[in-house]
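# Analysis of the macromolecular model
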Amino acid sequence: MYKKLIVILALYSYLPLAAETTESLTTEAQARIKLFSTELKTNLMQAVKQGGHPNGVQVCSVIAPEIQKKLASDGWTVARTALKYRNPANKPDQWEKQNLDWMLSASQKGEPLATMAKSEIIEDQGKKTFRFIKAIPMDTMCVACHGQTIAKEVKTKISTLYPADLATGFTPGELRGAFTLQKQLN
């Protein structure tokens with residue numbers, strides 16, 4: 001009994017250190033992405049079923065940021081970005097752009113987007129930040145709003161919500177964007 005208790009206490013004493021490793025932070029980032037992706041897809045499918053693709057655009061405009069905020073707990077920042085972004089607030093920073101360019105180049109050489117991700121601890125002015133980025137391949141579900149041919153009512157909704165939209169012209173399997181997460185470590 002006491003041996004088990006000592007082992008458990010010993011494990012707990014290492015938890016703060018483990019929480020700061022790239023591997024454990026990557027695992028946590030991936031879990032947040034899975035929650036984000038699942039909740040967003042569920043909301044999108046419901047909205048499209050109830051009112052067509054213009055409703056889907058509304059979900060991405062309103063619900064996606066709400067999901068991001070909900071998942072941005074415990075010091076995490078959760079977002080999406082892209083080289084061709086719809087919302088100017090999602091414009092990639094230098095680290096994100098560099099990694100999006102890498103993903104695009106690698107995918108054009110035949111590497112699978114579904115597994116493309118990068119994690120890194122960056123130090124800037126004495127502050128350490130964990131960064132994680134994971135590719136979002138263009139899905140067939142997204143073609144109606146991000147594809148090469150977009151219905152007039154969808155285009156109208158997009159231009160109303162996103163007058164500076166750049167996020168069209170994609171085909172399934174292309175790099176649509178990326179989930180991007182960060183956590184301040186000190």
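Preceding this section is the structure that the text describes.
### Structural notes on the overall build of the protein
Helices and strands together make up the secondary structure of the protein, namely 6 helices and 4 strands. Going residue by residue from the N terminus, the α and β elements of the protein occur as α-α-α-β-α-β-β-α-α-β. Looking at the protein as a whole, 33% of its 186 residues are labelled buried. Pairs at least 24 apart in sequence give 66% of the contacts found in the protein among residues at least 6 apart. When the accessible surface of the protein is totalled, it reaches about 11300 Å², and 57% of it is carbon and sulfur.

### Description of the nonpolar core
In terms of nonpolar packing, the biggest core is built from 19 residues, with Phe 36, Leu 40, Trp 76, Phe 130 and Leu 181 touching the most fellow members. Elements that contribute at least two residues to this core include exactly helix 2 (22-51), helix 3 (53-71), strand 1 (76-81), strand 3 (127-137) and strand 4 (175-184). At 7 residues, the largest contribution of residues to this core is made by helix 2. Apart from the residues lying within four places of it in its own chain, the contact partners of Phe 36 are Ala 64, Ile 67, Gln 68, Leu 71, Val 78, Arg 80 and Phe 179.

### Re the packing of aromatic side chains
For any two aromatic rings, the description comes down to two numbers: the centre-to-centre distance and the angle of the planes. Throughout the structure, instances matching the rule amount to 2 aromatic pairs. On the basis of an interplanar angle of 85° and a centroid distance of 5.9 Å, the ring pair of Trp 76 and Phe 130 is categorised as edge-to-face. Placement of Trp 76 in strand 1 and of Phe 130 in strand 3 is noted, with a sequence separation of 54 residues between them. Note that Lys 84 overlies the ring of Phe 170, its terminal NZ or CZ placed 4.7 Å from the centroid.

### A few points about the sheet that holds strand 4
In spatial order, the strands read 1-4-3-2; together these 4 strands make up an open sheet with antiparallel pairing. For this open sheet the edge positions go to strand 1 and strand 2 (117-124), each flanked by a neighbour on one side alone. The sheet shows a mean angle of 20° between the axes of neighbouring strands, taken without regard to direction. In terms of strand pairing, strand 3 meets strand 4 through 9 bridges, oriented antiparallel. In the strand pairing of strand 4, Thr 129 is matched with Gln 184. Sheet contacts for helix 4 (residues 94-108): strand 1, strand 2, strand 3 and strand 4; angle to strand 3, the most-contacted strand, approximately 35°.

Quick notes on the rules
Residues numbered from 1 in each chain as written. Predicted model: local features only at pLDDT ≥ 70, side-chain atom pairs only at ≥ 80, totals over all residues. Heavy atoms only, no water. Helix = DSSP H or I, 4+ residues; strand = E, 2+ residues; numbered from the N terminus. Buried < 20%, exposed > 50% of the residue type's maximum accessible area, 1.4 Å probe, protein only. Contact = heavy atoms within 4.5 Å. Areas by Shrake-Rupley, 256 points an atom, 1.4 Å probe, with all protein chains shown as cover. Core = buried A, V, L, I, M, F, W, Y, C linked by side-chain atoms within 4.5 Å. Phe/Tyr/Trp six-rings, centres within 6.5 Å; stacked < 30°, edge-to-face > 60°. Lys NZ or Arg CZ within 6 Å of the ring centre and 35° of its normal. Pairing = 2+ DSSP bridges. Axes fitted to C-alpha atoms, helices over the stretch in contact; angles between N-to-C directions.

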